Amino acid sequence: MARERATALLVDFDGVLRRWDPAVAAAVERDYGLPNGVLGEIAMSWGLLQPVLTGKVSHAEWMTSVAEALTPSVGDPARARAAVEEWQRYRGEVDQDVLAFLREVRAAGVRVGLGTNATDLLDADIAALGLTEELDVVVNSSVIGVHKPAKEYFEAACAALETPPARVLFTDDEDRAVRGARAAGLSALRWGGPDDLRYLRAALAY
């Protein structure tokens, strides 16, 4: 039996719509005499990351924990906090190819949702990047209390899009999230870059 054509699109934020320039963190680490990659390594450690992605702690509390974990590397709590604050000033960049595609599909009547594991800073980031009016729905793990790739996350996303899972197309740069979406009944594509827009365009009903 042929699968129903998707009528709604759910896209990941980091790695798809938002890009991060690794040179920014590298410059902070160099200026503070830190090992390359240590800021991301600490921040993404699951013990610190999981609570903020499910709304148990705030973004600010998460960054305080990162600074505390970084202190032994710089030898001074104030210097660790300064390094983290400087790193956090950069909020990424919008992939203009993806944004143009989202505008195209929305103009054709396709509902577009942002489906992301994020912190309570997400709305401010969306506003700062000029994306507030570019999305129909934002599904933030820290708001709903469950993160990708859980089935419950995708159920909440489909409910927010007011579209059954079989009619939602999802794209993410992480394989675990893609597999979780498929298990929840969505169509899903592992994002590899703007070349994938051709597939997404063909898969949507417009």
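Just so you know, these numbers come straight off a predicted model, no measurement behind them. (Residues numbered from 1 in each chain as written. Predicted model: local features only at pLDDT ≥ 70, side-chain atom pairs only at ≥ 80, totals over all residues. Heavy atoms only, no water.)

Asks: How should the domain arrangement of the protein be read in this particular structure?
Replies: By a widely used convention, the size of an interface equals the accessible area lost when the partners come together. Segmenting the protein into domains produces domain 1 (8-19 + 93-204) and domain 2 (22-88). Using only C-alpha atoms to locate each centre, domain 1 and domain 2 end up separated by 27 Å. Of the residues lining the interface, 10 residues belong to domain 1; the matching set on domain 2 comes to nine residues. When the two sides are added together, the surface that domain 1 and domain 2 hide from each other amounts to roughly 700 Å², 64% of it contributed by carbon and sulfur. Its largest share of buried area at the contact with domain 2, domain 1 owes to T119, D120 and H147, together 53% of the area lost on that side. Summed over the shared surface of domain 1 and domain 2, the number is zero salt bridges. (Domains from an automatic or database assignment. Contact = heavy atoms within 4.5 Å. Buried area = accessible area lost by both parts, 1.4 Å probe. Salt bridge = Lys/Arg side-chain N within 4 Å of Asp/Glu carboxyl O.)

Asks: Please clarify how the pattern of salt bridges should be interpreted in this entry.
Replies: Two side chains bearing opposite charge may form a pair once their charged atoms approach each other closely. In total, this model carries nine salt bridges according to the counting rule given. With its nearest N and O atoms 2.7 Å apart, the salt bridge here joins E134 to R103. One end of the pair, E134, is in the loop between α7 (122-128) and β5 (137-140); the other, R103, is in helix α6 (residues 96-107), with 31 residues separating them in the sequence. Overall, the relative accessible area of 13% leaves E134 in the buried class. When its relative accessible area of 44% is taken as the criterion, R103 is described as partly exposed. (Helix = DSSP H or I, 4+ residues; strand = E, 2+ residues; numbered from the N terminus. Buried < 20%, exposed > 50% of the residue type's maximum accessible area, 1.4 Å probe, protein only.)

Asks: Would you mind showing me how to read the packing of helix α1 (residues 22-31) against helix α5 (residues 77-88) here?
Replies: In a packed pair of helices, the relevant descriptors are the angle between the two axes and the axis-to-axis distance. α5 packs onto α1 with a crossing angle of 160° between their chain directions and a minimal axis gap of 9 Å. The pairing of α1 with α5 is recorded here as roughly antiparallel in orientation. The interaxial crossing formed by α1 with α5 has right-handed handedness. For the pair α1 and α5, contact is made by A25, V28 and D31 and by R79, A83, E86 and W87, respectively. Here the contact of α1 with α5 is built from residues that sort into four nonpolar, no polar and three charged. (Axes fitted to C-alpha atoms, helices over the stretch in contact; angles between N-to-C directions. Parallel < 35°, antiparallel > 145°, perpendicular 65-115°, else oblique. Left-handed = near helix turned anticlockwise from the far one by under 90°. Nonpolar A, V, L, I, M, F, W, Y, C, P; charged D, E, K, R; others polar.)

Asks: Would you mind going over the packing of aromatic side chains with me for this structure?
Replies: Here a ring pair, both rings aromatic, is described through the centre-centre distance and the interplanar angle of the planes. For the structure shown, the criterion picks out three aromatic pairs. On the numbers, 5.4 Å between centres and 85° between planes, the contact of Y153 with F154 is edge-to-face. Ring geometry for F154 and F170: centres 5.1 Å apart, planes at 70°, overall edge-to-face. You can see F154 sitting in helix α9 (residues 151-161) and its partner F170 sitting in strand β6 (residues 168-172), a full 16 residues away along the chain. For the pair formed by F154 and F170, the shared burial category is buried. Chaining the aromatic ring pairs together yields one cluster made of Y153, F154 and F170. (Phe/Tyr/Trp six-rings, centres within 6.5 Å; stacked < 30°, edge-to-face > 60°.)

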